[in-house]
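Chain by chain, the residues run as shown.
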Amino acid sequence: MSKHRILLTRIFILGSALLLICHPSAARSKEPDLILINGDVRTLDAKMPRAEAVAVSGGKIVAVGRNDEIRKLAGELTRIIDAKGRLVLPGFNDSHVHFAAIGNKFSSLDVRGLTSAEAVAAKAAEYARFLPKGRWILGSGFANEFAQTEGKRLFELIAPITDSNPVLLYSADGKWAFANALALEHLNDGRSSRTENGSGERSIDGIISGLAMRQIASAVPSDHLRNWPEILETASNYAASFGVTSVQDMHSDELADVYRQLDREGKLKTRVYDCSPMSALPKLANLGVKAATGDAMVRTGCVKYFSEGDEAELPELRRDIAAADKAGLQVMIHAIGPRANRIVLDAFEWAAKKNGRRDRRFRVEHAQNANSEDVPRFARGAIIPSMQPWLFSRSGPAIFGRHLQLHSPLAFGSDAPMVEINPLLGIAAAVNGPDGISVEDAVRAYTAGSAYAEFQEKVKGKIKSGQMADMVILSEDIFEVDPARIAGTRIVATILNGSVVYLHQAER
Ligand SMILES: [Zn+2]
């Protein structure tokens, strides 16, 4: 334990003791922070697969059971969430995303082809929902007619939607732009204060050109596309709206420190396993980083690499995998197609033999279109097929059922932003595809399966006492509805660490 930790612990113990003296009810203050009732809770815990209610304390699940049993535990300060009979699942864990790229999708807004003020306002509203306060909404593509016909209406429509985000949207020819009230404020500071209509540069409808346009443009931060804290916060807000409470970031951008910073600031709504490129191996080994090193919110220790399916790469692949594995890191290799899958399996088996038995959880990312005779090698080597059912729903036969029969440790994800991060699309694809698996198996692969794939199965992926309180409430009972309706199911609420981090508009 570090000195810092010891000190904190002492302060905490002292604080608790004072609380006991000063607060009469503190002695019985084991009351839960949050109780969820009236849920159709599918726990994925074999000992109690269904329940009605869940109690949460200190970010952890402390009790699961019937409404009457759990309700009894409530105290004065317990927050009660009524699930109104709807389906409750463990928070989704996306085993394969490119998180910064998801956030960066909101760094520019394409208004080409949008001819009405309503259409532009609707898009801006979607951006404003996920962007941090103050982040600019930038974009371009207006046809010239837009300024005359829609400019004034857009200015009025957009005002209440974007009261925390400046908006600057250029015409396709770049000669004029639309700015919202917040962006126009940048004209009023210092030397830019007098550019009123006399010069034809600014008008009340937010259409600007010339000097005014340049002045506002100069107020846009130059690091807009590289402001990682804002970009990752956007991605995290977005993921929460789809019930995703954990992601495994396969993008080798090494942003773990930014994730930690966001977490300290209370802005991270997603637990992240942040993977590094194979080239970071010496650095990670030096720092003593091993698989799943970190805290409950941000962990590192996974290295990601590629196989293109070329036999010539096998020696290098073997060497790198064995070295990373020996350092205690978790290795995941991208492979699509029969040859790439075979090469990666060969290299994994070779490295495992060389380094001896241990719980290493090698992963094949995508594991798509492996040869039929290679499929049993996953289960035999305890190698994780990390698959994306929605991304690959139109390319080749799915083999989820076969992996399950063989007891492969199947994990699901999206590969967003290649496709939407929405897990319901993946679950629908896995259930409705030619080799359709059960809803329960698909949900399991997207929760407990993904948790196993990142060494976290003891602490997440199920609704069970002792696990972290990450849960979602869904609009439809995907176990019972017509499977065609699974993909359209929306998230009613997302709970991370016992806090509601997303609530659908209709519930607010
Ligand atoms: Zn990917």
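These numbers come from a predicted model, not from an experiment.

Q: Give a description of the side chain of Asn180 that names residues and reports values.
A: Among the secondary structure elements, Asn180 is positioned in the loop between strand E12 (176-179) and helix H6 (181-184). A relative accessible area of 2% means that Asn180 is categorised as buried. A polar atom in the side chain of Asn180 sits 2.9 Å from the backbone oxygen of Asn165. If sequence neighbours within four positions are ignored, Asn180 has contacts with Phe155, Ile158, Thr162, Asn165, Pro166 and Val167.

Q: Lay out the state of the cysteines in plain terms, naming residues and giving numbers.
A: The tally for this structure, following the rule as stated, stands at one disulfide. Between the sulfur atoms of Cys275 and its disulfide partner Cys302 the distance amounts to 2.1 Å. On the sign convention where negative is left-handed, the bridge of Cys275 and Cys302, at about -95° about the S-S bond, is left-handed. On the criterion of sequence distance, the pair formed by Cys275 in the loop between strand E15 (271-274) and strand E16 (276-277) and Cys302 in strand E19 (residues 302-306) is long-range, its members being 27 residues apart. For the residue pair Cys275 and Cys302, the accessibility class agrees, reading buried in each case.

Q: Can you explain the sheet that holds strand E13 (residues 207-209)? Please cite residues and give values.
A: Strand order in the open sheet made by the five strands is E9-E10-E11-E12-E13, with mixed pairing throughout. The sheet terminates laterally at strand E9 (109-110) and E13, the two strands that pair on one side only. The pairing of E9 with strand E10 (residues 137-142) spans two bridges and is parallel. Residue pairing across strands places Asp110 opposite Ser140, the latter belonging to E10.

Q: Account for the nonpolar core, naming residues and giving values.
A: Within the largest apolar cluster, 119 residues are counted, with the highest numbers of intra-cluster contacts made by Phe92, Phe99, Ile321, Phe412, Ile421, Ile427 and Ile478. Grouped together as the second largest cluster of nonpolar side chains are 18 residues, Val54, Val56, Ile81 and Ile495 included.

Q: Which residues make up the packing of helix H4 (residues 117-130) against helix H5 (residues 145-161), and what values do they have?
A: Two elements in contact, H4 and H5, have axes whose closest approach is 8 Å; the angle formed by their N-to-C orientations is 35°. In terms of crossing hand, the pair formed by H4 and H5 is right-handed. On H5, the residues touching Ala117, Glu118, Val120, Ala121, Ala124, Ala125 and Ala128 of H4 are Phe146, Glu150, Arg153, Leu154, Leu157, Ile158 and Ile161. Counted by class, the contact of H4 with H5 contains eleven nonpolar, no polar and three charged residues.

Calculation criteria
Residues numbered from 1 in each chain as written. Predicted model: local features only at pLDDT ≥ 70, side-chain atom pairs only at ≥ 80, totals over all residues. Heavy atoms only, no water. Helix = DSSP H or I, 4+ residues; strand = E, 2+ residues; numbered from the N terminus. Buried < 20%, exposed > 50% of the residue type's maximum accessible area, 1.4 Å probe, protein only. Polar contact = N/O pair within 3.5 Å; in protein donor to acceptor, adjacent residues only side chain to side chain. Contact = heavy atoms within 4.5 Å. Disulfide = S-S within 2.5 Å. Pairing = 2+ DSSP bridges. Core = buried A, V, L, I, M, F, W, Y, C linked by side-chain atoms within 4.5 Å. Axes fitted to C-alpha atoms, helices over the stretch in contact; angles between N-to-C directions. Left-handed = near helix turned anticlockwise from the far one by under 90°. Nonpolar A, V, L, I, M, F, W, Y, C, P; charged D, E, K, R; others polar.

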